[in-house]
Amino acid sequence: MLKTKDILDEKNKLLRTISEEVTFPLSDKDKKTIDLMVEYLTNSQIDELAGKYNLRPGMGMAAIQLGIKKRYITIVHEVEEGVFDTYIVINPKIVSSSEEKIYVEDGEGCLSVNREVIGIVPRSARVTVEGFDIDGKKIRIRAREELAIVFQHEIDHLNGILFTDHIDSKNPFKYQNIYRSI
Ligand code: SB9
Ligand code: NI
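Residues numbered from 1 in each chain as written. Chains lettered and ligands numbered in written order. Predicted model: local features only at pLDDT ≥ 70, side-chain atom pairs only at ≥ 80, totals over all residues. Heavy atoms only, no water.

Here's the deal with a negative patch on the surface
Turning to step 1, where the next piece is worked out: On the surface, a cluster of negative charge is made up of Asp47, Glu48, Glu78, Glu80 and Glu81.
Turning to step 2, where the next piece is worked out: Here Glu78 lies in strand E2 (residues 72–80).
Turning to step 3, where the next piece is worked out: Judged by relative accessible area, Glu78 falls into the partly exposed class, the value being 32%. (Patch = residues over 30% accessible without salt bridge, like charges linked within 9 Å, V, L, I, M, F, W, Y side chains within 5 Å. Areas by Shrake-Rupley, 256 points an atom, 1.4 Å probe, with all protein chains shown as cover. Salt bridge = Lys/Arg side-chain N within 4 Å of Asp/Glu carboxyl O. Lys, Arg positive; Asp, Glu negative; His and termini not counted. Charge placed at Lys NZ, Arg CZ, Asp CG, Glu CD. Helix = DSSP H or I, 4+ residues; strand = E, 2+ residues; numbered from the N terminus. Buried < 20%, exposed > 50% of the residue type's maximum accessible area, 1.4 Å probe, protein only.)

Quick look at the site of ligand 1
Turning to step 1, where the next piece is worked out: Every residue close to ligand 1 is listed here: Gly60, Gln65, Glu108, Gly109, Cys110, Leu111, Ile149, His153, Glu154 and His157.
Turning to step 2, where the next piece is worked out: His153 places a polar side-chain atom, nitrogen or oxygen, 3.1 Å from an oxygen atom of ligand 1.
Turning to step 3, where the next piece is worked out: Between ligand 1 and His157 there is a distance of 2.9 Å, counted from an oxygen atom to a side-chain nitrogen or oxygen.
Turning to step 4, where the next piece is worked out: Alone, ligand 1 offers 380 Å² of accessible surface; in the complex the protein occludes 86% of this.
Turning to step 5, where the next piece is worked out: Spatially, ligand 1 is embedded in the largest pocket.
Turning to step 6, where the next piece is worked out: Among the elements that line the shell around ligand 1, the one with the most residues is helix H3 (residues 145–158), at four residues.
Turning to step 7, where the next piece is worked out: Here the shell around ligand 1 is built from residues that sort into three nonpolar, five polar and two charged. (Near = heavy atom within 4 Å. Polar contact = N/O pair within 3.5 Å; in protein donor to acceptor, adjacent residues only side chain to side chain. 1 Å grid on protein atoms, 1.4 Å probe; cavity = no way out; pocket = protein on both sides within 12 Å on 5 of 7 lines; lining within 4 Å. Sits in = over half its atoms within 2 Å of the grid points. Nonpolar A, V, L, I, M, F, W, Y, C, P; charged D, E, K, R; others polar.)

Here it is in structure tokens:
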């Protein structure tokens, strides 16, 4: 099982590197890592398990957060109480994004950022993501609202970008009245 301490902290420079494209077939080790990521994210969103195993709640994770410099991400999205949609995307790419921008009202968080960060992170309200599933089959996902934000956050990780980079440090709430909050 993955532990919270296995997740790299923002001080680790690996989080600032660009992850490398993955080739198929996936190694057994990468498949195992993906399983562990999904398990962590799912358990972290179930209060009882999050408490028991001391997991920080999170909807998404990129391999680089575990120190693995490869372009794959996992997202576990709770669609209704106790029901989760799981997304595993290898070599993900945003192929289109809406002009409309939104932001998380309470601010974004990151499993690699262990401090309170205030400010608005503008994100496209809708994105289309293309990539490959674990078997190397091409997939396309249309995401909106919270799910779209998480896809953008995770794909940023693969490019060495943290959510804090998007916040205007002089005026963290600059876009409050321009973009829509969710
Ligand atoms: C919020 N959480 C995430 C993305 C966007 C907004 C509230 C994911 C947090 C987990 N994480 O660090 C993934 O990279
Ligand atoms: Ni993150």
